[in-house]
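Close look at the chain arrangement
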Amino acid sequence: MSETSETIAPGTPENTYGGQVIGRTLKACGVEHVFGVHGVINLAIEESNRQGIGMIHFRHEQSAGFAADAYARCLRKPGVCFSSTAPGFTNLVSPIAQAAGALSPVVLLNGQHGISGDGMSTIQEGYATEVMKPFAKWTHRSLDWNQNAHWTARALTEAMQWPPGPVVLEFPRNSLNAKGPDRQQKVTPTDQRAIAPGSLGDPAAIEKAVQMLIEAERPLIIAGDGVYWSQGEAALRELVELLQVPVQTRRTARGAVPETHPLAVSGGYRGEFIRNADLIVILGHRATWLDEWFEAPDWPDTKYIQIQPADRDLWLGLPTKVAIVGSTGPVLRQMIACTHMMLKAPPIARTQWVGRVAEARKAFKDKQAERVAAVRGSALIHPHSLGAAIAEILDPSATIIYDSFTATSFLTDKLEAKFAGQILDAGLHQPVGHGVGMAVGAQVARPGKQVLTLMGDGGFGISAMDVETLVRYKLPAVVVVFNNSSWSGVAAGHDQFYPDMESWDNLPGIRYDRMFAELGCHTEHVDAADQLLPALERSFNSGKPALLNVVGDTDQVHPLRVRVGFGDTWTRDNFDSLPESGRAELKRNGAPATLARIQKFWRDNGVDIPMSDLEWLAQH
Ligand SMILES: Cc1ncc(C[n+]2csc(CCOP(=O)(O)OP(=O)(O)O)c2C)c(N)n1
Ligand SMILES: [Mg+2]
């Protein structure tokens, strides 16, 4: 008999216990699924189950946290995960960190050692509230079980309060196990299925921003997570159409204006728009390394408007003419109303500037098609071929998860996102190994829709056992493993860059398809590019979780690799001492346009590489 089989009638007002209160509160607040691994938290999860909340039990907490993140991103509601004591919650640091970088309202409920063990080296002593502090937007330890309902409701509210983000609530064992008359702190649980709207923008600043957008000749909007989490897609589309402004959508907002729209600019060809714009609006999009912090050489010294979710998101490095803080969607609505008042004349036509979008898109697509055609007959599958096949096969309603370090960089520019929240990326932390857990969460959130996760064999090794979770819960996500037998982000260049070091590569030719056929997956072994499409099609049609083992070309590396390779080389000695294979790789990837970025990257990391050395790359 488990410790939960007390003779307490569930939900009676006279008699209850700490864990039961938590489950009841989750239900009252609209939670429909929880993700985790059992332990001290059991009593709360048991009650959640009894309340009809779906429970997905994992093989590793990390995957549960990533599932909660994907679920939260898909549904814009709390993704609740659970863990138990120190060895459990420490496995959740990576997902909580990833969620923070995507404003994802993940709620971690941790069952903790009892408080009499504090500081006593008791079994599994640990404090999630402390460990997660750098990443979580709010943490709390519910010491008095009479407050458990209050803090559970509070955690869900905090996660969803604008701007959203991950929170951590832990319950010491005594707080879960205590029982007696129901004297809970009174709470009126509210259904946490919609993010609480934040503030509106300052009307005077809104007016100024709209005026500048009307007057600009070549405006551009870069829109990020804020648009998505504030349900601002329709407003963004309406505004850009009204003002005829090209727009690039990023991160979870990618697709907020579908990338097939005449005003949508995507990553592969945004460069000329950024360089030539006379006004750039940064909309709900944080300054991070993903955009080089909006600094030269990629970003011009032009006029900027910043519309950010919170004060701390206003980036001080930009020459900003107007700064607005507020909830992105409502601010967009304010801007639309203001535009209608200010636009006396017929709609703006920026024919030449807007016309460039279609031209640039076509030129980029033609170039992509050439690149794909050039590698079609390769002996090993080139990631261009895999990216093209995935982009071709997916339904417009599919969810795509990025994991493989190398192959994802060859997929992203081939996709045309159709709706915000369609692409679930790794974001700021760029982990590997999150893909399986995220596939679980996405497929739970979007039943009946395609879910595809693109993994590397390295990342797959970190999380592969949770394919069993997909099987157990009959979640038919498709897991594509780009199997280059290598942690290629770093390891593939060993003999080129670190010839004296023992290889870190994986065993060659592992048949992941055979391993996971044993679990009941639909499996495919694909070693020729022309087999990709039929294999993907069979996988989606199988109605089962599918595992595709795609034999990939190890020589193809992520473009970031050249930056790292060059800096490491220069630090150690210089490129003259590199083996010829390493020099060849640097040459192959050392396009002149990237040199200044390479130099800046290494300067930020404490290494000064003379431009003359970098130019060597371009000249050879
Ligand atoms: C959790 C985690 N550990 C380590 C790294 C550092 N890292 C970046 S890329 C990479 C190799 C990834 O190999 P794989 O998943 O096989 O991807 P691919 O070969 O397709 O690039 C590693 C280890 C990381 N990003 N995340
Ligand atoms: Mg690999």
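Look above for the structure.
Donor atoms from the polypeptide that coordinate the magnesium ion (ligand 2) comprise Asp-457 (OD), Asn-484 (OD1) and Ser-486 (O), at 2.0 to 2.1 Å from the metal. Written as a sequence motif, the donor residues of the magnesium ion (ligand 2) are D-x26-N-x1-S. Each of the two residues, Asn-484 as well as Ser-486, counts as buried.

Spacing of three or four residues puts side chains on the same side of an α-helix, whose turn is 3.6 residues. When helix 2 (residues 42-50) is considered as a whole, its buried residues turn out to be Leu-43, Ala-44, Ile-45, Glu-47 and Ser-48. Buried residues along helix 2 sit in contact with strand 1 (16-17), helix 1 (18-28), strand 3 (54-57), strand 4 (79-84) and helix 8 (173-177). Looking one or two residues beyond helix 2, the residue adopting positive phi is Gly-52, at roughly 90°.

Another aspect to go through is the site of ligand 1. Residues in contact with ligand 1 amount to 16 residues; listed here are only the nearest, Ser-404, Thr-406, Gly-458, Gly-459 and Ser-488. Here Gln-430 contributes a backbone N or O atom positioned 2.8 Å from a nitrogen atom of ligand 1. Asn-484 places a side-chain nitrogen or oxygen 3.0 Å from an oxygen atom of ligand 1. Residue assignment for the shell around ligand 1 shows that the elements contributing at least two residues are helix 16 (405-411) and helix 18 (457-463). Broken down by element, the shell around ligand 1 gets its largest block of residues, three residues, from helix 18. Its residues assigned to classes, the shell around ligand 1 shows five nonpolar, 10 polar and one charged.

Across all of its chains, the model carries 10 aromatic pairs by this definition. Ring pairing ties together the aromatic residues Phe-35, Phe-58 and Tyr-71, which thus form one cluster.

Relative orientation of the contacting elements helix 11 (residues 233-243) and helix 13 (residues 328-342) amounts to 30°, with a least axis distance of 9 Å. Between helix 11 and helix 13, the interaxial angle falls into the category roughly parallel. The handedness of the crossing between helix 11 and helix 13 comes out as left-handed. Residues Ala-234, Ala-235, Leu-236, Glu-238, Leu-239, Leu-242 and Leu-243 of helix 11 pack against Gly-329, Leu-332, Arg-333, Met-335, Ile-336, Thr-339 and His-340 of helix 13.

Turning to the side chain of Ser-539, a few remarks are in order. When you line up the elements, Ser-539 lands in helix 22 (residues 532-541). On the basis of relative accessible area, Ser-539 is assigned to the buried category, the value being 1%. The residues contacting Ser-539, other than those within four sequence positions of it, are Val-478, His-522, Glu-524, Lys-544, Ala-546 and Leu-548.

Residue Trp-162 is joined to Pro-163 through a cis peptide bond whose omega torsion reads -15°. The topology assignment puts Pro-163 in the loop between helix 7 (148-160) and strand 7 (167-172). We note that Thr-85 has phi near 55°; this positive angle belongs to a residue other than glycine. The residue Thr-85 is located in helix 4 (residues 85-89) in this model. Relative accessible area serves as the criterion here: at 4%, Thr-85 is assigned to the buried category. One non-glycine residue, Glu-292, adopts positive backbone phi at about 55°. Position of Glu-292 relative to the elements: it lies in the loop between strand 11 (279-283) and strand 12 (303-308).

Attention now goes to the environment of Gly-36. You can see Gly-36 is positioned in strand 2 (residues 33-36). In this structure Gly-36 comes out as buried when scored by relative accessible area, which is 0%. Measuring from C-alpha to C-alpha, the distance between Gly-36 and Ala-379 comes to 42 Å, with 343 residues separating the pair along the chain. In this view, Gly-36 contacts Ile-56, His-57, Phe-58, Ala-64 and Phe-82; residues no more than four positions away in its chain are not counted.

Rules behind the numbers
Residues numbered from 1 in each chain as written. Chains lettered and ligands numbered in written order. Predicted model: local features only at pLDDT ≥ 70, side-chain atom pairs only at ≥ 80, totals over all residues. Heavy atoms only, no water. Donors = N, O, S within 2.8 Å, 3.2 Å for Na, K, Ca; no water. Buried < 20%, exposed > 50% of the residue type's maximum accessible area, 1.4 Å probe, protein only. Helix = DSSP H or I, 4+ residues; strand = E, 2+ residues; numbered from the N terminus. Contact = heavy atoms within 4.5 Å. Near = heavy atom within 4 Å. Polar contact = N/O pair within 3.5 Å; in protein donor to acceptor, adjacent residues only side chain to side chain. Nonpolar A, V, L, I, M, F, W, Y, C, P; charged D, E, K, R; others polar. Phe/Tyr/Trp six-rings, centres within 6.5 Å; stacked < 30°, edge-to-face > 60°. Axes fitted to C-alpha atoms, helices over the stretch in contact; angles between N-to-C directions. Parallel < 35°, antiparallel > 145°, perpendicular 65-115°, else oblique. Left-handed = near helix turned anticlockwise from the far one by under 90°.

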